[in-house]
Amino acid sequence: MNEPDGRSTASAPNGAAALNVLVTGASGASGIAVAGALRRAGHRVFAAGSDLARIEAAAARAGDGVTPLVCDLADLPAVRSLRETLAGTAGPMDAVIHLVGGWRGAQGITDQTDADWDFLERGAITTLRNVSRVFFDDLAASRAGRFAMVSSTSVENPTAALASYVAVKAAAETWTMAMAEGFSRAGASGQHAAAVVLVVKALVDAELRRQQPERKFPGATDVEDLAAAVVGLFSRPAAELNGRRLLLAA
């Protein structure tokens with residue numbers, strides 16, 4: 001059964017409402033973990049990436065029922081087309097978990113390159129702006145709208161070597177906080193949507209630990225813990241979450 005706007009009223013195995021969740025930048029270890037955890041929680045999960053082979057492999061690793069989709073999220077018309085496709089097959093999205101990012105560093109201020117800046121800006125800002133603008137109304141209208149991005153503890157303690165990286169992360173956080181204010185204004189009949197920033201020092205997964213057994217990864221957050229935090233966003237009131245920076249660093 002569907003609601004008037006096309007959203008399904010089906011329930012997840014735990015009795016909670018099953019939601020349409022889009023995981024963007026889902027080809028990597030964090031995307032696999034997040035998509036898999038959301039699917040096991042009973043949600044309908046759509047995993048978007050820019051490379052067909054990688055996103056299909058990632059969706060398969062995440063588990064049965066995760067739908068892979070190809071989209072260049074830095075291309076606004078492509079993101080609009082993605083939304084049209086999803087609306088036609090599944091209905092409006094209830095949540096977007098934005099995992100697009102990337103990392104580049106340098107020695108200091110003077111060797112921050114334009115190439116690195118363009119790479120970081122495209123991944124951290126352009127994709128987030130496109131996805132949030134296209135899906136904002138869907139999330140604001142949802143009974144449990146959620147938007148989450150992953151940021152870094154280095155934003156609070158910027159260094160010269162990470163100047164470009166922390167600058168674009170700070171901008172992405174600011175945009176997300178602006179979304180939170182927009183959700184507050186849209187929720188005149190009650191706060192149902194929330195935009196949050198999940199903050200980590202670094203992310204680590206089982207494969208990385210296997211490849212570098214000598215490393216201890218101090219302060220790093222395992223991707224499975226990130227995934228659990230994402231699933232937990234749907235069990236907390238939107239008013240409690242909206243506009244929050246949630247520290248996940250160990």
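Reading the values: the criteria
- Residues numbered from 1 in each chain as written.
- Predicted model: local features only at pLDDT ≥ 70, side-chain atom pairs only at ≥ 80, totals over all residues.
- Heavy atoms only, no water.
- Buried < 20%, exposed > 50% of the residue type's maximum accessible area, 1.4 Å probe, protein only.
- Helix = DSSP H or I, 4+ residues; strand = E, 2+ residues; numbered from the N terminus.
- Arc of directions from axis to C-beta.
- Contact = heavy atoms within 4.5 Å.
- Polar contact = N/O pair within 3.5 Å; in protein donor to acceptor, adjacent residues only side chain to side chain.
- 1 Å grid on protein atoms, 1.4 Å probe; cavity = no way out; pocket = protein on both sides within 12 Å on 5 of 7 lines; lining within 4 Å.
- Points joined across faces, edges and corners; volume = space filled by probe spheres on them.
- Nonpolar A, V, L, I, M, F, W, Y, C, P; charged D, E, K, R; others polar.
- pLDDT = per-residue confidence, 0-100.
- Core = buried A, V, L, I, M, F, W, Y, C linked by side-chain atoms within 4.5 Å.
- Axes fitted to C-alpha atoms, helices over the stretch in contact; angles between N-to-C directions.
- Parallel < 35°, antiparallel > 145°, perpendicular 65-115°, else oblique.
- Left-handed = near helix turned anticlockwise from the far one by under 90°.

1. Details of helix α7 (residues 223-232)
Here's step 1: Val223, Leu226, Ala227 and Val230 are the residues of α7 that are buried. An end-on view of α7 places all buried positions within 100° of arc, on one side of the element.
Here's step 2: Looking at the buried side of α7, the elements it contacts are α1 (29-40), β4 (95-98), β5 (146-152), β6 (194-200), β7 (203-204) and β8 (221-222).
Here's step 3: With a side-chain oxygen positioned 2.9 Å from the backbone nitrogen of Glu224, the residue opening α7 is Asp222.

2. Some words on empty space enclosed by the protein
Here's step 1: Here the structure, examined in full by the defined rule, presents one cavity of 30 Å³ or more.
Here's step 2: In terms of lining residues, the largest cavity is bounded by His98, Val100, Ala124, Leu128, Met149, Val150, Lys169 and Ala172.
Here's step 3: Mapped onto the lining of the largest cavity, the elements with two or more residues apiece are α4 (114-141), β5 and α5 (163-186).
Here's step 4: Within the lining of the largest cavity, the residues separate by chemical class into six nonpolar, one polar and one charged.

3. Re the confidence of the model for the protein chain
Here's step 1: The predicted model of the protein chain has a mean per-residue pLDDT of 92, with 92% of residues at 70 or higher.
Here's step 2: Taken together, the stretch residues 11-15 has pLDDT below 50 and engages in 10 contacts with residues farther than four places along the chain or on a different chain.

4. Topic: the nonpolar core
Here's step 1: Counting residues in hydrophobic clusters, the biggest one holds 37 residues, and the most contacted among them are Leu22, Leu82, Leu86, Met93, Phe135, Phe147 and Phe183.
Here's step 2: In this structure Phe183 touches Phe136, Leu139, Ala140, Phe147, Gln191, Ala193, Ala194, Ala195 and Asn242, once residues within four positions along its chain are discounted.
Here's step 3: Membership of the second largest hydrophobic core comes to 36 residues, among which are Val23, Ile32, Ala148 and Phe234.

5. Structural notes on the environment of Asp72
Here's step 1: Counting through the fold element by element, Asp72 comes out in the loop between β3 (66-70) and α3 (76-89).
Here's step 2: In the structure, Asp72 is positioned 10 residues away from Leu82 in sequence and 9.5 Å away in space, judged by C-alpha atoms.
Here's step 3: At a separation of 3.1 Å, a polar atom in the side chain of Asp72 contacts the main-chain amide nitrogen of Ala74.

6. Re the packing of α1 against helix α2 (residues 52-62)
Two measures define how a pair of helices packs: the angle their axes make with one another and the distance between the axes.
Here's step 1: Two elements in contact, α1 and α2, have axes separated by 8 Å at closest approach and are oriented at 45°. In this view, α1 runs oblique relative to α2, as classed from their interaxial angle. Regarding α1 and α2, the two cross each other, and that crossing is right-handed. Residues Ile32, Ala35, Gly36 and Arg40 of α1 touch α2, and the partners they reach there are Ala58, Arg61 and Ala62.

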